[in-house]
Every structure is written in structure tokens, then in C-alpha cells.
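Residues per chain are reported as follows:
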Amino acid sequence: MDTKTINDLLNELQTIEERFNNVKVSQNDYDFYNVVYPYSQMIDAKLESLIKLKPQIIQLSYMNANKFDLLIKSYKELSVDCHFHRTSKKLFTEKVKAVNYDLKYIYQTIEG
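These numbers come from a predicted model, not from an experiment.

Reading the values: rules and limits
Numbering of residues begins from 1 in every chain and follows the order in which that chain's sequence is written. Residues qualify for local features only when their pLDDT is at least 70, as the model is predicted, and side-chain atom pairs are given and counted only at 80 or more; totals for whole chains, interfaces and linings, by contrast, use all residues. Hydrogens and water are ignored here; the side-chain numbers use all heavy atoms of the structure. The way it works is that DSSP assigns letters per residue, a run of H or I at least four long becomes a helix, a run of E at least two long becomes a strand, and they are numbered from the N terminus. Computation of the radius of gyration draws on C-alpha atoms alone. For the globule rule, the value is 2.2 Å times the number of residues to the power 0.38. Counted as salt bridges are all cases of a side-chain nitrogen of Lys or Arg within 4 Å of a carboxyl oxygen of Asp or Glu. Remark: exposure states derive from per-residue accessible area (1.4 Å probe, protein chains only) relative to the maximum for the residue type, with buried under 20%, exposed over 50%, and partly exposed in between. Within 6.5 Å between ring centres, the rings of Phe, Tyr and Trp (the latter by its six-membered ring) count as paired, and their orientation is classed by plane angle as stacked under 30 degrees, edge-to-face over 60, tilted in between. For a Lys NZ or an Arg CZ to count as sitting over a ring, it must be within 6 Å of the ring centre and within 35 degrees of the ring normal.

Student: Mind laying out the overall build of the chain, listing which residues take part and the relevant values?
Tutor: Looking only at helices and strands, the chain has five helices and zero strands in total. In the chain, the order of α-helices and β-strands from amino to carboxyl end is α-α-α-α-α. Its C-alpha atoms give the chain a radius of gyration of 14 Å, near enough to 13 Å, the size a compact globule of 112 residues would have. The principal-axis extent of the C-alpha atoms belonging to the chain is close to 40 × 25 × 20 Å.

Put into C-alpha cells, the structure is as follows:
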């Protein structure tokens, strides 16, 4: 199974956190049409690569279809929420931790 996709998503998660921290400091939301929408489209394309691996990923001992679907949903939400200063820091941080944990688990399990 290809770990490059998962590694790319882990790296992009850091970018999402950086964008969130920047928007919290500046208190200025990113422009929806010029920044948020194109960024979410790019993330969706990357997630499609992971979704193609779903049959193999849900075979892992810790993963199942519901957990995988929640991982995808949460990642998509983070890719949008990181652009708005009214996003709850606590909820955002918890979601980042959960997504990061699941992606790292998948990556490490595949790596062996």
C-alpha cells in the first residue's frame, strides 16, 4: 500500500494547523472564493487517493468503515474550519489530534 498519500496528508495537516494559528492571531478570515474553496478542492483531491485505499485500510485491526469515514469527514472539516477565526480552538485541536492519530496509525501499520 502506498504511504506517500498518507505522508502528504500528515504534512498537509501541519499546514492546516498553521493556517488556523494565523487566522486566530490576525482575527481576519481567509477569503472564501480565493482561498478556502480552492484549498478545500485540493484537499478533497488528496483525500480521494486515500479513499481508494479504503478496502485495505479498514482491514487494519484498529480501523473500521465508520472510523475511516469519520477520519475523511473530519479532515474535510478541518480544511475549511482552519480559515475562520470563529472556529473553536478546543474543538479544532481535538479534531486535529484525532485525525493525526489515525493517519499516523495507518502510516505506521502499513510501514511495518
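Student: Explain the pattern of salt bridges to me, and be specific about the residues and the numbers.
Tutor: Tallying each qualifying case throughout the model produces seven salt bridges. Aspartate 69 is paired through a salt bridge with lysine 54; the nearest N and O atoms lie 2.8 Å apart. Here the residue aspartate 69 occupies a position in helix H4 (residues 65–81), and lysine 54 occupies one in helix H3 (residues 54–57), the gap between them amounting to 15 residues. When the shortest N-O distance is used, the salt bridge between lysine 67 and aspartate 102 registers 3.5 Å. With lysine 67 in helix H4 and aspartate 102 in helix H5 (residues 89–111), this pair connects stretches of sequence that are 35 residues apart. Relative accessible area serves as the criterion here: at 24%, lysine 67 is assigned to the partly exposed category. The structure contains a network of salt bridges with shared partners spanning Lys73, Glu77 and Lys95.

Student: Can you break down the packing of aromatic side chains residue by residue, with the values?
Tutor: Think of a pair of aromatic rings as described by two things: how far the centres are apart, and how the planes are tilted against each other in angle. The final tally for this structure, using the stated rule, is five aromatic pairs. Ring geometry for phenylalanine 32 and tyrosine 33: centres 5.1 Å apart, planes at 90 degrees, overall edge-to-face. By relative accessible area, phenylalanine 32 is classed as partly exposed at 36%. Judged by its relative accessible area of 66%, tyrosine 33 is exposed. Over the face of the ring belonging to tyrosine 30 we find arginine 19, whose NZ or CZ atom lies 5.8 Å from the ring centre. Sitting over the face of the ring of tyrosine 39, arginine 19 holds its NZ or CZ atom 4.0 Å from the ring centroid.

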